[in-house]
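# Inside the fold
Here are the chains, one letter per residue:
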Amino acid sequence: MSVPFSGTLRRSGGIVSAIGKQLKSVNLKGVKRITVQFDPFAENVKSTREFLFLLSTPKVSLSNPKCVVKPEIVCDRSPAFIKFSLIDSAQEQAKVKEIRFNSANLNTLELLQLCNQHVSTLAPPEEITNKVLTKAEKQKLGGGAGGGKKATKKK
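Okay, so let's go over this structure. Predicted model only: the values in this text are computed from it and were never measured.

Rules and cut-offs
Residues numbered from 1 in each chain as written. Predicted model: local features only at pLDDT ≥ 70, side-chain atom pairs only at ≥ 80, totals over all residues. Heavy atoms only, no water. Helix = DSSP H or I, 4+ residues; strand = E, 2+ residues; numbered from the N terminus. Rg over C-alpha atoms; globule rule 2.2 N^0.38 Å. Buried < 20%, exposed > 50% of the residue type's maximum accessible area, 1.4 Å probe, protein only. Contact = heavy atoms within 4.5 Å. Phe/Tyr/Trp six-rings, centres within 6.5 Å; stacked < 30°, edge-to-face > 60°. Arc of directions from axis to C-beta. Polar contact = N/O pair within 3.5 Å; in protein donor to acceptor, adjacent residues only side chain to side chain. Salt bridge = Lys/Arg side-chain N within 4 Å of Asp/Glu carboxyl O. Core = buried A, V, L, I, M, F, W, Y, C linked by side-chain atoms within 4.5 Å. Pairing = 2+ DSSP bridges. Axes fitted to C-alpha atoms, helices over the stretch in contact; angles between N-to-C directions. Parallel < 35°, antiparallel > 145°, perpendicular 65-115°, else oblique. Left-handed = near helix turned anticlockwise from the far one by under 90°. Nonpolar A, V, L, I, M, F, W, Y, C, P; charged D, E, K, R; others polar.

Moving on, we get to the overall build of the chain. For the chain, the helix and strand inventory stands at 6 helices and 4 strands. Along the chain, from the amino end to the carboxyl end, the secondary structure elements read α-β-α-α-β-β-α-β-α-α. A compact globule built from 155 residues would reach a C-alpha radius of gyration of about 15 Å, whereas the chain, at 26 Å, exceeds it by more than 25%. Considered along the principal axes of its C-alpha atoms, the chain spans approximately 95 × 65 × 30 Å. By the burial criterion, 30% of the 155 residues in the chain qualify as buried. Across the chain, contacts joining residues at least 24 apart in sequence account for 72% of those joining residues at least 6 apart.

Following the criterion strictly, the structure yields 1 aromatic pair and no others. Their ring planes at 65° and their centres at 5.4 Å tell us that phenylalanine 84 and phenylalanine 101 sit as a pair that is edge-to-face. Here the residue phenylalanine 84 occupies a position in strand β3 (residues 81-86), and phenylalanine 101 occupies one in strand β4 (residues 98-102), the gap between them amounting to 17 residues. Judged by its relative accessible area of 7%, phenylalanine 101 is buried.

Before going further, it helps to spend a moment on helix α5 (residues 108-118). Those residues of α5 that sit buried are Thr108, Leu109, Leu111, Leu112, Cys115 and Asn116. Looking straight down α5, one finds its buried side chains confined to an arc of 160°; they lie on one side. Of the surrounding secondary structure, the elements contacted by the buried residues of α5 are α1 (15-24), α2 (46-55), β3 and β4. With a side-chain oxygen positioned 3.2 Å from the backbone nitrogen of leucine 109, the residue opening α5 is asparagine 107.

A word on the pattern of salt bridges. For the structure on display, the rule yields 3 salt bridges. Two residues, arginine 77 and aspartate 39, come together in a salt bridge whose shortest N-O distance is 3.6 Å. Note that arginine 77 is positioned in the loop between β2 (68-73) and β3 and aspartate 39 in the loop between β1 (31-38) and α2, a separation of 38 residues in sequence. Residue classification places arginine 77 among the exposed positions, given a relative accessible area of 59%.

Leu28, Val31, Ile34, Phe51, Ile82, Phe84 and Val119 are the most contacted members of the largest nonpolar core, which totals 28 residues. Residue assignment for this core shows that the elements contributing at least two residues are α1, β1, α2, β3, β4 and α5.

Moving on: the environment of leucine 122. Take leucine 122: it is sitting in the loop between α5 and α6 (135-142). Here leucine 122 is in contact with Gly30, Leu86, Ala90, Gln93, Ala94 and Ile99, once residues within four sequence places are set aside.

To continue, consider the pairing of β3. A large share of β3 lies buried, amounting to 5 of its 6 residues. The pairing of β1 with β3 spans 6 bridges and is classified as antiparallel. Bridge pairing links isoleucine 34 to phenylalanine 84 in β3. One ladder, built from 5 bridges, connects β3 with β4; its direction is antiparallel. Looking at β4, one finds that isoleucine 82 is bridged to phenylalanine 101.

Let us look at the packing of α2 against α5. Running from amino to carboxyl end, α2 crosses α5 at an angle of 50°, the nearest separation of the two axes being 9 Å. Considered as vectors, α2 and α5 are oriented oblique to each other. Relative to α5, the crossing made by α2 is right-handed. Contact residues: Ser47, Thr48, Glu50, Phe51 and Leu54 in α2; Thr108, Leu111, Leu112 and Cys115 in α5. Here the residues of the contact of α2 with α5 are counted per class, giving 5 nonpolar, 3 polar and 1 charged.

Below is the structure:
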């Protein structure tokens, strides 16, 4: 007698692929400044440092080049935190001036999930721009230049 199969066909990609998936959806267009404060000698600061590193990756920093990421390294045994200062339109939408995560007891994946849940949703919608058409596309649409009958030459 055989046992029926139940479950997935393959295993999950693990924590690294989950972090990569969350990192792809980070959008900082609603943020003007990010302040990351931590004590490097505290026990549970590794995830905050990793999050600071992930914020400086090219794809995340290109989502808002005007966003300033400022690390503040203190030596006073204060708990680590991450503060997002919002732009004006995001402040009106969220009805707060800044979002603060106490990151002392969170891991890197949880910080990214919170960032996507609370910060990336405040990004203003992208404006739709008109697409520039090439000559070939114009000819297909409206029979542009050169689409008519050729003139016959007279002798």
